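# An overview of the molecular structure
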Amino acid sequence: AVIYLSDNASQLSSGINAEYGALGLDLRFDLVKGLPETLGKNGVCSNYGPGNADYTWKTLSSLKGGKLLFTFPNTTIKCAGAPQKIMYLAEAHLRKVGVRSESSLTYHTALPAIFGVPKYAATLNKLAAEKGCKVVTKSNLVEVDGDRREAVFQNLDTGEKTTESFDMLHVGAPCAPSPVYASSPLADSAGWVDVNRSTLQHNTYTNVFAIGDCNSCPTGKTAAKVAAESGVLYGNIQRVMKGQEVMSGYDGYTSCPLTVGDDKLVLAEFGYDGAILETFPIDQAKPSALNYWLKKEIMPSLYWRGLIRGTWRGPGFVRKAMRLGMTS
């Protein structure tokens, strides 16, 4: 596809011209040597991508113990909590079926910490230790040999490579900006649509706005981010159409509901520079059944009946109401 800024349109690979549409983030399993050839067999699975999650469950449910590896890539990623959530869910399942003592679980993350926001990282480090899950930081998956059931990791500090065997390998998918916009004049040097982080208006083309995975806002790429951005987008598009100046408004809000097993959940909510933006006047870093209930029963409706229809613009108003009008 090609973007034509002068015509406010993009040409699809089929040759059809269309007005600007939705552009997202590409899954790049190909960035790991050998991964595309073995994904979906040999115990190599991922909850990223259509149809992949079924094999995750098939693999996990067939285990009678063994070595389980979970990875977080050295790239931007959709929903940064997902590679870790599956580890806790797997640990809970192994306990439930009575083979936890015959199993080892290791989380290899390319990040320097288990999670990017210190408040939640402290809780998750404690949980991982309590559940007997090993955490290896600055460790990036670079190669998979499915037939031998071996994974190669590279230490991002030293460059040293180590090989680990596995019975199950869950891969947090490496992601990258779509070439459609990354190679266009819309993109910044890193390939993201270059917008003002507060107004979401393009820094060069004032009739272009971007929300979601494709934009350059330095915060987690989640549905919660899209919801919070959508309210700012709506207001600013209205202002532009009326010939008015755009207004700041997006504070980097994003959310990672981290399911940690035992029907409990850590509800991480934060903004730019790790600022805590929790909705409720409780410690959301503490795993709770209430957080889990919100994730299971309320958030799907907010997504399907609110966000998709353009009526759910994030919990900012709830946060203010809960805190008597205060912003945090």
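A short tour of the structure in this document, coming up. (Residues numbered from 1 in each chain as written. Predicted model: local features only at pLDDT ≥ 70, side-chain atom pairs only at ≥ 80, totals over all residues. Heavy atoms only, no water.)

### Details of the sheet that holds strand 9 (residues 139–145)
Judged by pairing direction, the sheet is antiparallel, and its three strands sit side by side in the order 9-10-11 without closing on themselves. This sheet does not close on itself; its edge strands, each paired only once, are strand 9 and strand 11 (161–165). Strand-to-strand twist in this sheet, taken as the mean axis angle between neighbours without regard to direction, amounts to 30°. As paired elements, strand 10 (residues 150–155) and strand 11 share five bridges and run antiparallel to each other. Bridging across to strand 11, E150 finds its partner in S165. (Pairing = 2+ DSSP bridges. Helix = DSSP H or I, 4+ residues; strand = E, 2+ residues; numbered from the N terminus. Axes fitted to C-alpha atoms, helices over the stretch in contact; angles between N-to-C directions.)

### Comments concerning the packing of aromatic side chains
The final tally for this structure, using the stated rule, is six aromatic pairs. Relative to F270, the ring of F115 has its centre 5.9 Å away and its plane inclined at 90°; by these criteria the two rings are edge-to-face. Remark: F270 occurs in strand 15 (residues 265–270) and F115 occurs in the loop between strand 7 (103–109) and helix 4 (118–130); sequence separation between them is 155 residues. Among the residues examined, F270 registers a relative accessible area of 11% and is labelled buried. Counting every residue linked through ring pairs, the aromatic cluster contains F115, Y120 and F270. Over the aromatic face of Y272 sits the side chain of R197, whose NZ or CZ is 3.8 Å from the ring centroid. Note that K221 overlies the ring of W192, its terminal NZ or CZ placed 4.2 Å from the centroid. (Phe/Tyr/Trp six-rings, centres within 6.5 Å; stacked < 30°, edge-to-face > 60°. Buried < 20%, exposed > 50% of the residue type's maximum accessible area, 1.4 Å probe, protein only. Lys NZ or Arg CZ within 6 Å of the ring centre and 35° of its normal.)

### Details of the environment of S183
One can find S183 in the loop between helix 5 (179–182) and helix 6 (223–241). Residue classification places S183 among the exposed positions, given a relative accessible area of 65%. Separated by 79 residues in the primary sequence, S183 and D262 have C-alpha atoms spaced 45 Å apart.

### Quick notes on helix 3 (residues 82–96)
Between its first and last C-alpha atoms helix 3 spans 21 Å; for 15 residues at 1.5 Å apiece the expected length is 21 Å, and the two agree. Buried residues dominate helix 3, accounting for 12 of its 15 residues. Turning to helix 3, its buried residues are A82, P83, Q84, K85, I86, M87, Y88, A90, E91, A92, H93 and L94. With its phi angle positive at about 80°, G98 sits one or two positions after the end of helix 3. (Expected span 1.5 Å × (residues − 1).)

### Notes on the side chain of S230
As for its position among the elements, S230 is in helix 6. Here S230 falls in the buried class, since its relative accessible area comes to 16%. At a separation of 2.6 Å, a polar atom in the side chain of S230 contacts the main-chain carbonyl oxygen of A227. For S230, the contacting residues outside a window of four places in its chain are I211, W312 and R313. (Polar contact = N/O pair within 3.5 Å; in protein donor to acceptor, adjacent residues only side chain to side chain. Contact = heavy atoms within 4.5 Å.)

By themselves, these are just geometric observations and shouldn't be taken as functional.
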